[in-house]
Amino acid sequence: MVLALVAAGAGVHLLMVFLHVAPANTVTKQHGRAVDDYVYPEFEQNWKLFAPNPLQQNIAVQARAEVLTEDGTLDRTRWVDLSVLDGEAIDGNLLPSHTRQNLLRRGWDFYVNSHDGDGVPDGLRGELSERYVRRIVLTRLVTELDGTRDGVVDRIQVRSRTTQVPSPPWSDEKVSREPVDRELGWWSVTDADVPLGGTLQLRRAGNGRGADAAGGAR
């Protein structure tokens, strides 16, 4: 009985993934939403690593925050290059973190592909991707800026710079080396945007609260 259930589950899974990656057909035209609901987000398929169109861009994602201080003023932080931090964390590491390699990169790709050029979300997936990116950015900023700011994170802003990877010497392909910048508007945030019930507070080291606030935000 157990083997039969496992075989049936594996069969359903393989069928759903096959329908997801297969060209449009009668089944997907009628039941495409059900297939997508099963595949996303845990079993998403991405072929950018392979032919015919491997990923040929370097994408740097940066973020900054506005911190509401105790006297009611807003303190704007510097831009923090989150992609550089991820790169430094895995550079030279024989067993790099899968999260450091893919969380931010895939989260930003998820956002870009589910929003139009004006930042309007494409339905529920767009709204989900925005919340996902906000959580990633907040977690990184609170950790990176802890000990340098005193107050509560009120808003965050995200931007990216995309640069094409140069073509190899043996290729006749011509690509533009001009970077493409994309800067989003300011997002207002609350404690609900922090994973695991954390807080948005940033505290300077030495007042006895920095470690607790940073630990909660993780």
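First, a word on what this report is: a plain description of the structure on this page. (Residues numbered from 1 in each chain as written. Predicted model: local features only at pLDDT ≥ 70, side-chain atom pairs only at ≥ 80, totals over all residues. Heavy atoms only, no water.)

**With respect to the environment of Asp122**
So, step 1. Summarising the element assignment, Asp122 is placed in the loop between α4 (98-113) and α5 (123-145).
So, step 2. Judged by relative accessible area, Asp122 falls into the exposed class, the value being 59%.
So, step 3. Along the primary structure Asp122 and Tyr111 are separated by 11 residues, whereas in three dimensions their C-alpha atoms are 9.7 Å apart. (Helix = DSSP H or I, 4+ residues; strand = E, 2+ residues; numbered from the N terminus. Buried < 20%, exposed > 50% of the residue type's maximum accessible area, 1.4 Å probe, protein only.)

**Digging into the packing of helix α3 (residues 82-90) against α4**
So, step 1. The interhelical angle for the contact between α3 and α4, taken along N-to-C directions, is 160 degrees, at an axis separation of 9 Å. Judged on the interaxial angle alone, α4 and α3 are roughly antiparallel. The way α3 lies across α4 gives a crossing that is left-handed. Of the residues in α4, those touching α3 at Leu82, Ser83, Asp86, Ala89 and Ile90 are Arg100, Gln101 and Leu104.
So, step 2. Of the residues belonging to the contact of α3 with α4, the class tally is four nonpolar, two polar and two charged. (Axes fitted to C-alpha atoms, helices over the stretch in contact; angles between N-to-C directions. Parallel < 35°, antiparallel > 145°, perpendicular 65-115°, else oblique. Left-handed = near helix turned anticlockwise from the far one by under 90°. Contact = heavy atoms within 4.5 Å. Nonpolar A, V, L, I, M, F, W, Y, C, P; charged D, E, K, R; others polar.)

**Description of the pattern of salt bridges**
So, step 1. Per the stated rule, a full pass over the model turns up nine salt bridges.
So, step 2. A salt bridge links Arg76 to Glu66, with the shortest nitrogen-to-oxygen separation between them at 2.6 Å. With Arg76 in strand β2 (residues 74-76) and Glu66 in strand β1 (residues 57-68), this pair connects stretches of sequence that are 10 residues apart.
So, step 3. Assessed through its relative accessible area of 5%, Glu66 is described here as buried.
So, step 4. A salt bridge links Asp86 to Arg100, with the nearest nitrogen and oxygen atoms 2.6 Å apart. Within this pair, whereas Asp86 is found in helix α3, its partner Arg100 is found in helix α4, the two being separated by 14 residues in sequence.
So, step 5. The class for Asp86 is buried, based on a relative accessible area of 5%.
So, step 6. Sharing partners across several salt bridges, the network here consists of Glu66, Arg76 and Arg155. (Salt bridge = Lys/Arg side-chain N within 4 Å of Asp/Glu carboxyl O.)

**With respect to the environment of Trp187**
So, step 1. Mapped onto the elements of the fold, Trp187 is located in strand β6 (residues 187-188).
So, step 2. Taking the C-alpha atoms as reference points, Trp187 and Glu130, 57 residues apart in sequence, are found 9.7 Å from one another.
So, step 3. Each residue touching Trp187, except ones within four places of it in the same chain, is listed here: Tyr111, Glu130, Val133, Arg134, Asp154, Arg155, Ile156 and Val158.

**Some words on the side chain of Thr28**
So, step 1. One can find Thr28 in helix α2 (residues 26-39).
So, step 2. Residue Thr28 is classed as buried on the basis of its relative accessible area of 16%.

**Digging into the nonpolar core**
One recurring pattern in soluble globular proteins is that nonpolar side chains are buried together.
So, step 1. Judged by nonpolar contacts, the single largest core of 25 residues is most densely connected at Val137, Leu141, Val153, Ile156 and Val158.
So, step 2. The set of elements that each furnish at least two residues to this core consists of β1, α4, α5 and β4 (151-164).
So, step 3. In terms of residue count, α5 provides more of this core than any other element does, seven residues in total. (Core = buried A, V, L, I, M, F, W, Y, C linked by side-chain atoms within 4.5 Å.)

**What about the environment of Thr162?**
So, step 1. The residue Thr162 is located in strand β4 in this model.
So, step 2. Separated by 102 residues in sequence, Thr162 and Ala60 have C-alpha atoms that sit 6.5 Å apart.
So, step 3. For Thr162, the contacting residues outside a window of four places in its chain are Gln57, Asn58, Ile59, Glu178, Pro179 and Val180.

**Brief notes about α3**
So, step 1. The N-capping residue of α3, defined by a side-chain oxygen 3.2 Å from the backbone nitrogen of Ser83, is Asp81.
So, step 2. Positive backbone phi, approximately 80 degrees, marks Gly92, located one or two places after α3. (Polar contact = N/O pair within 3.5 Å; in protein donor to acceptor, adjacent residues only side chain to side chain.)

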